[in-house]
Amino acid sequence: MSGFHEQNGVLCLDSVPLSDIAKKYGTPAYVYSARVIRDQYDALAGALQKTLPANRQPLLCYACKANSNLGILKLLQSLGSSIEVVSGGELKRALKAGFAPEKIVMEGVGKTEEEILAGLRARVHQFNIESFGELDLINRLAGQEKQLADVVFRLNPDVGGAAYKKISTGSKGDKFGLAPERVLEGFARAQSMEHVRALGIFTHIGSQITETGSFEALFKKIADFVGLLRSKEYEVSRLDIGGGFPIQYQDEDLLDLDSYANAVREHILPLDTEIIMEPGRYLVGNAGVLLTKVLYEKESYGEDFLVVDGAMNDLMRPALYGAWHGIEPVANRDAALHPYNIVGPVCESSDVFAKQRNLPEMKPGDLAVIRTAGAYGVCMASNYNTRPLPPEILVDGDKIALIRARQSYEDLLGADIIPDWLV
Ligand SMILES: *Cc1c(COP(=O)(O)O)cnc(C)c1O
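Positions within a chain are numbered from 1, following the residues in the order the chain's sequence is written. Residue-level local features of this predicted model are given only where pLDDT is at least 70; pairs of side-chain atoms are given and counted only at 80 or more, and the full residue set underlies all totals for whole chains, interfaces and linings. Excluded from the side-chain calculation are hydrogens and water; included are all heavy atoms of the structure.

Participant: Would you mind going over the site of the ligand with me for this structure?
Facilitator: We define proximity as follows: a residue is near a molecule or strand when any one of its heavy atoms falls within 4 Å of that partner. Residues in contact with the ligand amount to 15 residues; listed here are only the nearest, Lys65, Ser207, Glu278, Arg281 and Tyr376. Two N or O atoms count as a polar contact when they lie within 3.5 Å, although within protein this holds only if one can serve as hydrogen donor and the other as acceptor, and sequence-adjacent residues are included solely when both atoms are side-chain atoms. Contact between the ligand and Gly280: an oxygen atom at 3.0 Å from a main-chain N or O atom of the residue. One nitrogen or oxygen atom from the side chain of Tyr376 is found 2.6 Å from an oxygen atom belonging to the ligand. Surface burial for the ligand is 95%, taken as the share of its 390 Å² of free accessible area covered by protein chains. Detection works on a 1 Å grid of protein atoms alone, calling trapped sets that fit a 1.4 Å probe cavities and calling open sets with protein on both sides within 12 Å along at least five of seven lines pockets, with lining residues defined by an atom within 4 Å of a point. Each molecule is assigned to a cavity or pocket provided more than half of its atoms lie within 2 Å of the corresponding grid points. In this structure, the ligand is accommodated by the largest pocket. In the shell around the ligand, the residues fall into four nonpolar, five polar and six charged. For accessible areas, the Shrake-Rupley method is used with a probe of radius 1.4 Å. Any residue's cover is judged against the shown protein chains and nothing else. Here the nonpolar group is Ala, Val, Leu, Ile, Met, Phe, Trp, Tyr, Cys and Pro; Asp, Glu, Lys and Arg are the charged ones; every other residue, Gly included, is treated as polar.

Participant: Sorry, what's going on with the sheet that holds strand S1 (residues 4-7) here?
Facilitator: The strands making up a sheet are joined through hydrogen bonds of the backbone, oriented either antiparallel or parallel. The pairing criterion is simple: DSSP has to find at least two bridges between the two strands. Labels follow the DSSP assignment, with helices taken as runs of H or I lasting at least four residues and strands as runs of E lasting at least two, numbered in each case from the N terminus. Across the sheet, three strands lie side by side as S1-S2-S3; this open sheet has antiparallel pairing. Looking at the sheet topology across the chains shown, the edges are occupied by S1 and strand S3 (16-17). Strand direction decides the pairing type here: strand S2 (residues 10-13) and S3, joined by two bridges, are antiparallel. Across the sheet, the residue bridging to Leu13 is Val16, located in S3.

Participant: Just to check I follow, could you spell out the packing of helix H2 (residues 34-51) against helix H3 (residues 70-79) for this structure?
Facilitator: The axes of two packed helices give the description: the angle between them and the distance between them. Axis definition: a line fitted to C-alpha atoms, over the contacting stretch in the case of helices. Angles run 0 to 180 degrees between N-to-C directions. Following both chains from N to C, one finds H2 and H3 inclined at 40 degrees, their axes separated by 11 Å at the closest point. By the angle between their directions, the pair H2 and H3 is classed as oblique. The hand of the H2/H3 crossing is right-handed. Of the residues in H3, those in contact with Ala34, Ile37, Arg38 and Tyr41 of H2 are Ile72, Leu75, Leu76 and Leu79. When grouped by side-chain class, the residues that make up the contact of H2 with H3 number seven nonpolar, no polar and one charged. Geometric relationships in this document are graded by angle, where less than 35 degrees denotes roughly parallel, more than 145 denotes roughly antiparallel, 65 to 115 denotes roughly perpendicular, and other angles denote oblique. In this scheme, a crossing is called left-handed if the near helix is turned counterclockwise away from the far one by less than a right angle; it is called right-handed if the turn is clockwise. We call two residues in contact when some of their heavy atoms are within 4.5 Å.

Participant: Would you mind going over the nonpolar core with me for this structure?
Facilitator: The nonpolar side chains of a soluble globular protein tend to be buried, and buried together. Judged by nonpolar contacts, the single largest core of 105 residues is most densely connected at Ile201, Phe219, Ile222 and Ile241. With eight residues, the top contributor of residues to this core is H2. All the domain ranges listed were derived from an automatic or database domain assignment. Of the domains in this structure, domain 1 (4-32 + 285-414) and domain 2 (34-283) are the two that each give at least three residues to this core. When near neighbours in sequence (up to four residues on either side) are disregarded, Ile201 contacts Val152, Phe153, Leu155, Val183, Phe187, Ile222, Phe225, Val226, Leu229, Arg238, Leu239 and Asp240. For our purposes a nonpolar core is just a set of buried Ala, Val, Leu, Ile, Met, Phe, Trp, Tyr and Cys residues, chained together by side-chain atoms within 4.5 Å. For the exposure calls, accessible area comes from a 1.4 Å probe over protein chains only, and a residue counts as buried if that area is under 20% of its type's maximum, exposed if over 50%, partly exposed in between.

Participant: For this particular structure, what's the right way to read the pattern of salt bridges?
Facilitator: Where side chains of opposite charge bring their charged atoms close, a pairing between them can arise. Only one rule defines a salt bridge in this text: a Lys or Arg side-chain nitrogen within 4 Å of an Asp or Glu carboxyl oxygen. The final tally for this structure, using the stated rule, is 21 salt bridges. Between Asp14 and Arg35 there is a salt bridge, with its nearest N and O atoms 3.7 Å apart. In this pair, Asp14 sits in the loop between S2 and S3 while Arg35 sits in helix H2, placing the two residues 21 residues apart along the sequence. The partly exposed category is assigned to Arg35, whose relative accessible area is 30%. The shortest N-O distance in the salt bridge between Arg238 and Glu274 comes to 3.5 Å. Of this pair, Arg238 sits in strand S11 (residues 238-240) while Glu274 sits in strand S12 (residues 274-277), and the two are 36 residues apart along the sequence.

Participant: What is the right way to read the packing of aromatic side chains from this model?
Facilitator: In this description, a pair of aromatic rings is defined by centroid distance and the angle of the planes. By convention, a stacked pair of Phe, Tyr or Trp rings (six-membered ring in the case of Trp) has centres within 6.5 Å and planes under 30 degrees apart, an edge-to-face pair has planes over 60 apart, and any other such pair is tilted. For the coordinates displayed, the defined rule picks out nine aromatic pairs. A centroid spacing of 6.2 Å and a plane angle of 20 degrees characterise the contact between Tyr30 and Tyr32, whose relative ring orientation is stacked. For Tyr32, a relative accessible area of 1% corresponds to the buried category. Ring geometry for Phe245 against Tyr260: centres 4.9 Å apart, planes inclined by 80 degrees, an arrangement best described as edge-to-face. Residue Phe245 is located in the loop between S11 and helix H9 (257-268), and its partner Tyr260 is located in helix H9; the two are separated by 15 residues in the primary sequence. Look at Phe245 and you get buried, because its relative accessible area is 1%.

Participant: Honestly, the environment of Lys103 in this entry has me stumped. Any pointers?
Facilitator: You can see Lys103 is positioned in the loop between helix H4 (88-96) and strand S7 (104-106). With 215 residues separating them along the chain, Lys103 and Pro318 place their C-alpha atoms 33 Å apart. If we skip the residues at most four places from it in the chain, Lys103 touches Cys61, Gly80, Ser81, Ser82 and Ile83. For Lys103, the side chain forms a polar contact with the main-chain oxygen of Gly80, separated by 3.1 Å.

Participant: What's the story with the side chain of Lys111 in this structure? I'm lost.
Facilitator: Inspection of the secondary structure assignment puts Lys111 in the loop between S7 and helix H5 (113-122). Classification of Lys111 by relative accessible area gives buried; the value is 10%. For Lys111, the side chain forms a polar contact with the main-chain oxygen of Asn128, separated by 2.6 Å. A polar side-chain atom of Lys111 sits 2.4 Å from a polar atom in the side chain of Glu134. Leaving out residues up to four positions away in the same chain, Lys111 has contacts with Met106, Ile116, Phe127, Asn128 and Glu134.

Participant: Just checking my understanding: could you explain H3 for this structure?
Facilitator: Owing to its 3.6 residues per turn, the α-helix brings residues three or four apart onto one side. Here H3 has its buried residues at Ile72, Leu73, Leu75 and Leu76. Down the axis of H3, the buried set is contained in an arc of 160 degrees. They therefore lie on one face. The N-capping residue of H3, defined by a side-chain oxygen 2.7 Å from the backbone nitrogen of Gly71, is Asn69. Looking one or two places after H3, you find Gly80, whose phi comes out positive at around 100 degrees. As used here, the arc belongs to the directions running from the helix axis to the C-beta atoms.

Participant: Explain the sheet that holds strand S8 (residues 126-129) to me, please; I cannot follow it from the model alone.
Facilitator: The parallel closed barrel is built from eight strands, whose spatial order is S5-S6-S7-S8-S9-S10-S11-S12. In this sheet, adjacent strand axes meet at a mean angle of 30 degrees when their direction is disregarded. Here strand S6 (residues 82-85) pairs with S7 via three bridges, running parallel. Looking at the pairing, Glu84 lines up with Val105 of S7.

See below:
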C-alpha cells in the first residue's frame, strides 16, 4: 500500500508506521509522501497530455511558495516540473535544486532591485510584472546587464472563484495585478523600452478553485483580452494562466482535471501561445501531515481540550484563514468518538486546530496527524514563542529521509545580539 493508510491498526505512510517516525525524529514533525507528490504531478500532467497536442504542452511551473524544501524541489525537478518563484530566496532554492533557468518564472508583487538582478543574471524564463515601477526598473537593470528581459503583465481580470476571500487574488480591490486598461498601457510603455520584451499576460485568480466554470470565465476574459491586444498590434506569444487547483481538506468536490484540460483546449489553445500553469498546493498539499503528540487533556466549562505539541507557529492555516484540516490518531483508531478542542501550546487564543471535533478518544502520549499539511505548512511556520521549526521527513516506499533537521536553540538564539552597552 502506498500513501497514508492504516495497517494493523496504525497509520502508516507507504510501509512506514508514523509511530516509528515519531520515535526516531520526535514531534512535532512534518512527514511527506514522495509517491503522493509523484501521483499528483502525473495526474495533472497526464490530463494535459491526453487533451492537448504534444507540441503544445504547458510549462508546469510549481508555485514553490507552497513548500520550498530543497528535497521536495529536487523531487519535482526530477519529474520534469518547471517552477515559479516569488522572491530572491525562492530563486536561490530553485537554482540549487537544479531547475534550468528557462524553466523558472519569476513572480512577486514587490520584487526588489537585488531580486530582479538575481533573476536577470540567472536568465529566468520571464518576469511576471505587477506594476509600472517594476517594469521601468527591469528595463533599467536589463540595460545595465546588457540583456533583453522577457516579461508578461499580470492581469487582474476581476473573476472570483477561490474557496474563501483570503485566498482570492483576481478580484477588484485585490493587491495583485493590473486592471485591463493598465495592462494595455503597460504594453504601450514596454514598446518604447529597449531592454524588455512584453510577450503576454499572466493571471492567477486564487486558490482551491473547484469549478471548471470559474476557470472558463477566466479563460474567456483572457481570450477577449488577447484579441484586444492583437487588434492593437501587440505581440501575445505567452499566456500564464496561473494555479489554484484544489486539494482535499474536508469533503469538497475537487476540480475535474479532464474538464479543466478541455476548457484549456477550447479557450486557450486556439490563441496559439506558449501556455504556462502554476500549480502549488495541488502537487504537495495532500502529500504531507503534521505529526504531533498529545501532551495534556483537560476539561473546562464542559468542553474537553487536548493540548498537542504542534502549534499555530508550525501550521498557521487554521489560525490565519480559519482553514479546516482533518485530524486523526495514529493508533487506537477505532476508539469511541469524543468531541475535542485540539489546541497547541502557543499563548494565543487562535492557536486552535479544531473546535468540538468528534475524534477517537485520545490521551496524553498518543500521536495524531493533522492532514493536508504539505502545502503552506512549514513554509509559513515561525519561531513564535521561541519554538524551533519542526523537522521535515520524506518517505518513499521503505526509504525515509530527513530533509530538514529540527531547528536547534543555538540556531534560534544565535542571530540575536545583545548590545555591548548593556553587557
Ligand atoms: C500562490 C500562487 C500560486 C499557487 O496557488 P495554489 O493555490 O497553491 O495552486 C500560483 N501562482 C501565484 C502567482 C501564486 O501567488
